[in-house]
Amino acid sequence: MFTQFFGSYLLNKQIVSAENLQKAIDLKSSTRVKLGVLAINAGYMTAKQVDAVHKMQATVDKRIGDIAVEMGYLTPAQVTQLLSAQKTGCLVLGQALVDMGCLTNEEFEKALNSYKAEHHLDDEDFVAESTQKTGAVIGSFYDIADKKTDNSELIFEYVNILFKNLIRFIGDDFTPLSAADTSGCKTALVQKISGGFEAVTSIMADDAALTAFASRYAEEELTENDEYTKDVVSEFLNLSNGLFTVNVSNSVGKELKLSPQQVQDAADVTAIKAKYTLRVPVSFPFGTVIFSIAEL
Amino acid sequence: MSTSVSQAKVLICDDSMMIRKKMRMLLENYGITNIYEAKDGKDAVEKFAEVMPDITFMDIVMPEMSGVEALKAIKATTPKANIVMATSIGTEGNLTEAIKYGASDFLQKPVEEERLVKLLDHYFKEV
């Protein structure tokens, strides 16, 4: 999940454009993280040193690691350690952007370090993706704690589970956005939560994005926003909400209830008067899907 | 169970067309051919009485009547019914309630084929 939020971070700080970010996400599967990026991430080398090693490599026929050792930037043990280190999603995304020429090593170094510092993240966090840390990133991204809700913990958990389910069932090639534009949305799939936490949850998107989202979840090629497409999207909502209620039941012992899902006009759902509404727009290659939770 | 796989009747109760379709595929992969569907809790009770299935898969969150209510109604008339709750909302409260009313098993959604096969093996191979 940190990878997706690193993408959002790069977008929000205007370090990369939405178009280039999407291209880099598409390139992730064919991108190999190189020693330079690994050394920058570990703090063993600065971006300037990596650039110097690359410059040197253009003149001699040696491996990057050997050159870095010869130049005194790395020890052989560090090279071995880096090469066996886990190539987390943020590094793959960063490497893809560096390979595309959208980021210099120095810009990547700066962006990664400030992203880590802002969210108090270290390498272990990137591997473990603990609920507490992902919850904190989600919380600061959406500024949930400052808003008028006594249930910010539940809302963190809701979004956390939603993102995990997106990664598991739809794909990891998305970027959470901060501003939601609901103008193109006609249909909303809606499900109410009750039993000590009253909320209306929904998924909305324009017809094309909704159909593409359903195609991925159903693992079938769907072509229009018909009854079956709506059924598939509402089943995703039911699944994610179901797993949320199980988690809440296990963690705080609260037994929440879910109502059967409904198809509604998106305009009626955006007009719901709630104590607090969180909209979570998520950009996929096929369009933007907006998830909402409105606490009544 | 004395019924063989090829003769067994299975009822899928779920309001989602997609889930019914996926479950049907998994059951067919297992060799079950007599598959019936119900789209809500009320429909489930009616179809059960009509078909008298060997195994019933029951979602919990459904319109008209919830899966737990349907379970209660079916068990009241057919105490021997084999009803497996298949749901994503497997909270302790829901499970305790379902067991109290006589559910024979629980299947977490999304349904994994491996888990379903194990469950069906349990029914068909344990004579």
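This is a predicted model, so every value here is computed, not measured. (Residues numbered from 1 in each chain as written. Chains lettered and ligands numbered in written order. Predicted model: local features only at pLDDT ≥ 70, side-chain atom pairs only at ≥ 80, totals over all residues. Heavy atoms only, no water.)

For the rest of this paragraph, the subject is the overall build of chain A. Secondary structure assignment for chain A yields 14 helices and seven strands. Burial statistics for chain A: of 296 residues in total, 52% are counted as buried. For chain A, restricting intrachain contacts to residue pairs at least 6 apart in sequence, the fraction spanning at least 24 positions comes to 67%. Put simply, chain A shows about 13,400 Å² of open surface, and 49% of that area lies on carbon and sulfur atoms. (Helix = DSSP H or I, 4+ residues; strand = E, 2+ residues; numbered from the N terminus. Buried < 20%, exposed > 50% of the residue type's maximum accessible area, 1.4 Å probe, protein only. Contact = heavy atoms within 4.5 Å. Areas by Shrake-Rupley, 256 points an atom, 1.4 Å probe, with all protein chains shown as cover.)

For a regular strand, side-chain orientation follows a simple rule: the groups alternate between the two sheet faces. All names here are of chain A. Counting buried residues along strand S2 (residues 187-194), six of its eight residues qualify, which places the element largely inside the surrounding structure. Pairing of S2 with strand S3 (residues 199-205), which is carried by seven bridges, proceeds in the antiparallel orientation. Its bridge partner being in S3, Gln191 is matched across the sheet by Thr201. With four bridges joining them, S2 and strand S5 (residues 262-265) adopt antiparallel strand pairing. In the strand pairing of S5, Thr187 is matched with Asp265. Taken together, the two bridges between S2 and strand S4 (residues 257-258) define a ladder with antiparallel strand orientation. (Pairing = 2+ DSSP bridges.)

All names here are of chain A. For the pair helix H12 (residues 207-218) and helix H13 (residues 227-252), the least separation of the axes is 9 Å and the interaxial angle reads 65°. The orientation of H12 relative to H13 falls into the category roughly perpendicular. Crossing of H12 over H13 shows left-handed handedness. Here H12 contributes Leu210, Thr211, Phe213, Ala214, Tyr217 and Ala218 to the contact with H13, which in turn contributes Thr229, Val232, Val233, Glu235, Phe236 and Leu239. For the contact of H12 with H13, the class distribution of residues is nine nonpolar, two polar and one charged. (Axes fitted to C-alpha atoms, helices over the stretch in contact; angles between N-to-C directions. Parallel < 35°, antiparallel > 145°, perpendicular 65-115°, else oblique. Left-handed = near helix turned anticlockwise from the far one by under 90°. Nonpolar A, V, L, I, M, F, W, Y, C, P; charged D, E, K, R; others polar.)

Residue and element names in this part refer to chain B. The five strands lie next to each other as S2-S1-S3-S4-S5, forming an open sheet whose pairing is parallel. Every other strand in the sheet has two partners, leaving strand S2 (34-38) and strand S5 (105-108) as the edge strands with one partner each. Each strand axis lies, on average, 20° off the axis of its neighbour in the sheet, ignoring direction. Relative to strand S3 (residues 55-58), strand S1 (residues 9-13) runs parallel, the two sharing four bridges.

Residues and elements named next belong to chain A. Using the criterion set out here, one finds 19 aromatic pairs over all chains in the structure. Seen from their ring centres, Phe5 and Phe141 are 5.0 Å apart, and the 75° between their planes marks the pair as edge-to-face. One end of the pair, Phe5, is in helix H1 (residues 2-12); the other, Phe141, is in helix H10 (residues 131-142), and 136 residues separate them in sequence. Note on Phe6 and Tyr115: the rings are 5.1 Å apart at their centroids and 40° apart in plane angle, and the pair reads as tilted. Of the two residues, Phe6 is situated in helix H1 and Tyr115 in helix H8 (residues 105-118); the sequence distance between them amounts to 109 residues. The same class applies to Phe6 as to Tyr115, namely buried. Ring pairing ties together the aromatic residues Phe5, Phe141, Tyr142, Phe163, Phe169, Phe174, Phe213, Tyr217, Phe236, Phe284, Phe286 and Phe291, which thus form one cluster. (Phe/Tyr/Trp six-rings, centres within 6.5 Å; stacked < 30°, edge-to-face > 60°.)

Another aspect to go through is the domain arrangement of chain A. Residues and elements named next belong to chain A. Domain assignment breaks chain A into domain 1 (2-128) and domain 2 (154-295). Opposite the 11 residues of domain 1 that make contact, domain 2 presents 12 residues. For the pair domain 1 and domain 2, the two sides together bury roughly 800 Å², of which 57% comes from carbon and sulfur. If you sort the residues of domain 1 by the area they bury against domain 2, Gln4, Gln22 and Ile25 come out on top, with a joint share of 54%. Scanning the region where domain 1 abuts domain 2 turns up zero salt bridges. Where domain 1 touches domain 2, the interface holds three residue pairs in polar contact (both at pLDDT 80 or more). Contributions of two or more residues to the side of domain 1 that touches domain 2 are made by H1 and helix H2 (18-27). The dominant element in the side of domain 1 that touches domain 2, judged by the number of residues it contributes, is H1, at six residues. (Domains from an automatic or database assignment. Buried area = accessible area lost by both parts, 1.4 Å probe. Salt bridge = Lys/Arg side-chain N within 4 Å of Asp/Glu carboxyl O. Polar contact = N/O pair within 3.5 Å; in protein donor to acceptor, adjacent residues only side chain to side chain.)

It is worth spelling out the interface of chain B and chain A at this point. Each side of the interface is counted separately: chain B has 22 residues, and chain A has 25 residues. For the pair chain B and chain A, the two sides together bury roughly 1,800 Å², of which 56% comes from carbon and sulfur. For the pair chain B and chain A, the interface holds two salt bridges. In this structure, Lys109 of chain B engages Glu235 of chain A in a salt bridge whose closest nitrogen and oxygen atoms are separated by 3.7 Å. On the surface where chain B and chain A come into contact, there are eight residue pairs in polar contact (both at pLDDT 80 or more). Broken down by secondary-structure element, the contributors of at least two residues to the side of chain B that touches chain A are helix H1 (17-30) and helix H4 (92-100) of chain B. The class makeup of the residues in the side of chain B that touches chain A is eight nonpolar, seven polar and seven charged.

All names here are of chain B. For helix H2 (residues 41-51), the full list of buried residues reads Gly41, Asp43, Ala44, Phe48 and Val51. Buried residues in H2, looked at end-on, bunch into an arc of 145°, giving them a common side. Along H2, the residues that are exposed and aim more than 90 degrees away from the buried face are Ala49 and Glu50. Among the structural elements, S1, S2, S3 and helix H3 (67-77) are those in contact with the buried residues of H2. Its side-chain oxygen at 3.0 Å from the backbone nitrogen of Lys42, Asp40 defines the N-terminal cap of H2. Met52 sits one or two residues past H2 and shows a positive phi near 50°. (Arc of directions from axis to C-beta.)

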